[in-house]
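Survey of secondary and tertiary structure
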Amino acid sequence: MTEHATAQPAGARPRVLSGIQPTADSFHLGNYLGALRNWVAMQDDYETFYTIVDLHAITVPQDPAVLRANTRVSFAQTIAAGVDPQRSAVFVQSHVPEHAQLGWVLMCLTGFGEASRMTQFKDKAGKQGTSAASVGLFTYPILQAADILLYQAAEVPVGEDQRQHLELTRDLAQRFNSRFSETFVVPKAHVLKGAAKVLDFADPTAKMSKSSPGGCIFLLEEPKRISKKIKSAVTDSEAAIRFDPENQPGVSNLLEVLSALSGTPVPELVAGYEGVLYGTLKGDVADAVVALAEPFAARTQELLDDPAELDRIMASGAQRAREVAARTLADVYEAIGFVPPAR
Ligand code: TRP
């Protein structure tokens with residue numbers, strides 16, 4: 001079997017890449033429990049690459065000053081959450097030009113029909129409709145494939161909603177490898193089991209999302225507002241604390257969040273809440289979330305208050321990422337028949 005020119009040496013830790021969009025001025029509890037916390041945990045066993053995907057953030061109309069601010073605050077929060085820039089390459093996507101370069105190559109390998117089957121396009125196009133949406137929004141899963149394949153990532157920690165994009169990524173890697181030469185590691189989705197899927201506190205039938213701020217817990221929000229939102233969480237009239245996501249989604253969501261934050265298994269929590277009113281559970285959840293959010297916000301602010309240091313961390317992350325990305329892109333260009341520039 002041919003060696004991947006860019007494969008890792010035997011015995012090396014498997015690589016992981018994941019990305020998060022800088023589209024809000026604060027991460028929310030769902031981002032933390034669903035993604036960031038796992039990014040942190042994976043640093044022990046994997047060689048980790050984490051990126052703030054600003055190229056993806058321009059697939060929908062955006063304000064330049066807001067994007068710039070959100071990118072910095074997203075980067076700072078990633079580190080505040082525990083992603084360690086010594087152990088992980090953490091970088092801003094646009095600092096590594098190879099993403100856009102490989103993205104183009106992969107677009108030329110993707111069928112129009114194949115891209116049209118990506119279900120997120122219609123959802124993300126939203127009310128404006130698909131003909132007003134940008135072509136960038138349409139091709140965004142292909143750029144995501146480039147993000148992953150550049151690093152020869154073996155695993156990609158993502159939520160259930162990204163499964164289809166991972167399938168596309170695998171198809172493109174296999175297609176490239178068989179049409180040209182063995183170049184890419186074919187990655188697997190590391191769909192986060194046990195990662196709490198946090199629901200909207202005001203509407204526990206929906207996933208927590210920044211587009212419904214009333215039921216969304218932003219980690220950089222005032223502790224008082226966080227508490228208030230949790231204490232007014234929508235529950236039900238059964239007045240018994242049971243884990244029953246089907247019939248008691250609000251109470252079950254509170255239990256899951258508390259379990260994720262405290263490490264206490266849900267059944268144990270339920271046993272402890274026998275005969276207790278919802279208010280007690282809500283108070284405990286509010287305390288646990290504030291205990292997470294307060295130091296998180298303070299650490300984020302500290303990083304933002306020292307922009308030169310933040311720039312330095314960004315630059316060193318980008319440099320580490322480029323070392324890998326540039327090698328992969330050189331292999332790709334060679335494999336597809338581009339004439340290398342004379343040196
Ligand atoms: N598409 C992902 C999301 O919307 C973000 C993302 C971009 C990503 N590139 C990635 C995730 C690469 C994993 C790997 O959440």
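Above: the structure in question.
Residues numbered from 1 in each chain as written. Predicted model: local features only at pLDDT ≥ 70, side-chain atom pairs only at ≥ 80, totals over all residues. Heavy atoms only, no water.

1. Details of the environment of I52
Convention followed: Secondary structure counts use DSSP, requiring at least four H or I residues in a row for a helix and at least two E residues in a row for a strand, with both numbered from the N terminus. Relative accessibility decides the category of a residue: with a 1.4 Å probe and only protein chains considered, values under 20% of the type maximum give buried, values over 50% give exposed, and everything between is partly exposed. Throughout, a residue-residue contact means that at least one pair of heavy atoms, one from each residue, lies within 4.5 Å.
Residue position: I52 is located in strand β2 (residues 47-52). On the basis of relative accessible area, I52 is assigned to the buried category, the value being 0%. As for I52 and V90, which are separated by 38 residues in sequence, their C-alpha atoms are 8.0 Å apart. Look past the residues within four positions of I52 in its chain and what remains in contact with it is I20, P22, T71, S74, F75, T78, F91, V92 and Q93.

2. What about the site of the ligand?
Put simply, the test is: The rule for a residue being near a molecule or strand is that one of its heavy atoms must lie within 4 Å of it. Pairing of N or O atoms within 3.5 Å defines a polar contact, subject to two protein rules: one partner must be a possible hydrogen donor and the other a possible acceptor, and residues neighboring in sequence count only if both atoms are side-chain atoms. To be clear on the numbers: accessible area is Shrake-Rupley with a 1.4 Å probe, and residue cover counts the displayed protein chains and nothing else. The residue classification treats Ala, Val, Leu, Ile, Met, Phe, Trp, Tyr, Cys and Pro as nonpolar and Asp, Glu, Lys and Arg as charged. All others, Gly included, are polar.
Surrounding the ligand, one finds 14 residues, the nearest of these being H56, Y140, Q144, D147 and Q162. In the model, a nitrogen atom of the ligand is placed 2.7 Å from a nitrogen or oxygen of the D147 side chain. About the coverage of the ligand: the protein hides 89% of its 370 Å² of free accessible area. Elements that contribute at least two residues to the shell around the ligand include exactly β1 (15-20), α7 (135-149) and β4 (155-158). With four residues, α7 is the single largest residue contributor to the shell around the ligand. Each residue belonging to the shell around the ligand can be placed in one class, and the counts come to six nonpolar, six polar and two charged.

3. Some remarks on helix α3 (residues 64-80)
Rules: Helix span, expected: 1.5 Å multiplied by one less than the number of residues in the helix.
The first and last C-alpha atoms of α3 sit 24 Å apart over 17 residues, in line with the 24 Å expected at 1.5 Å per residue. Where α3 is concerned, the buried positions are L67, N70, T71, V73, S74, F75, A76, Q77, T78, I79 and A80. The elements touched by buried residues of α3 are α1 (29-42), β2, α2 (54-57), β3 (88-92), α12 (278-304) and α13 (307-336). Two or three places before A65, at the opening of α3, D63 has a side-chain oxygen 3.0 Å from that residue's backbone nitrogen. Immediately beyond the C-terminal end of α3, within one or two residues, lies G82, with a positive phi of roughly 120°.

4. Section: helix α8 (residues 163-179)
To keep things clear, this is the line we draw: As used here, the arc belongs to the directions running from the helix axis to the C-beta atoms.
A rise of 1.5 Å per residue sets the reference length of α8, with its 17 residues, at 24 Å; its end C-alpha atoms lie 24 Å apart and thus fit the reference within 8%. Every buried residue of α8 is accounted for by H165, L166, L168, T169, L172, A173, F176 and N177. Buried residues of α8, viewed axially, fall in a sector of 165°; they line one side. Pointing more than 90 degrees away from the buried face of α8 are the exposed residues S178 and R179.

5. Quick look at the pairing of β2
Here is the rule we go by: Pairing between strands is defined by DSSP: at least two bridges between the two strands are required.
With five of its six residues buried, β2 lies for the most part within the structure. In terms of strand pairing, β1 meets β2 through six bridges, oriented parallel. Counted as the bridge partner of R15 is E47 from β2. Two elements, β2 and β3, share five bridges in a ladder whose sense is parallel. If you follow T51 over to β3, its bridge partner there is F91.

6. What about the side chain of D54?
Selection rule: Positive charges come from Lys and Arg alone, negative charges from Asp and Glu alone, with His and the N- and C-terminal ends not counted. Put simply, a salt bridge is a Lys or Arg side-chain nitrogen that is within 4 Å of an Asp or Glu carboxyl oxygen.
Summarising the element assignment, D54 is placed in helix α2. The buried charged residue D54 lacks any salt bridge partner; its closest oppositely charged side chain belongs to R68, at an N-O distance of 9.1 Å. The contact partners of D54, leaving out residues within four places of it in the chain, are P22, T71, V92, Q93 and S94.

No statement about biological role is implied by the geometric values presented.
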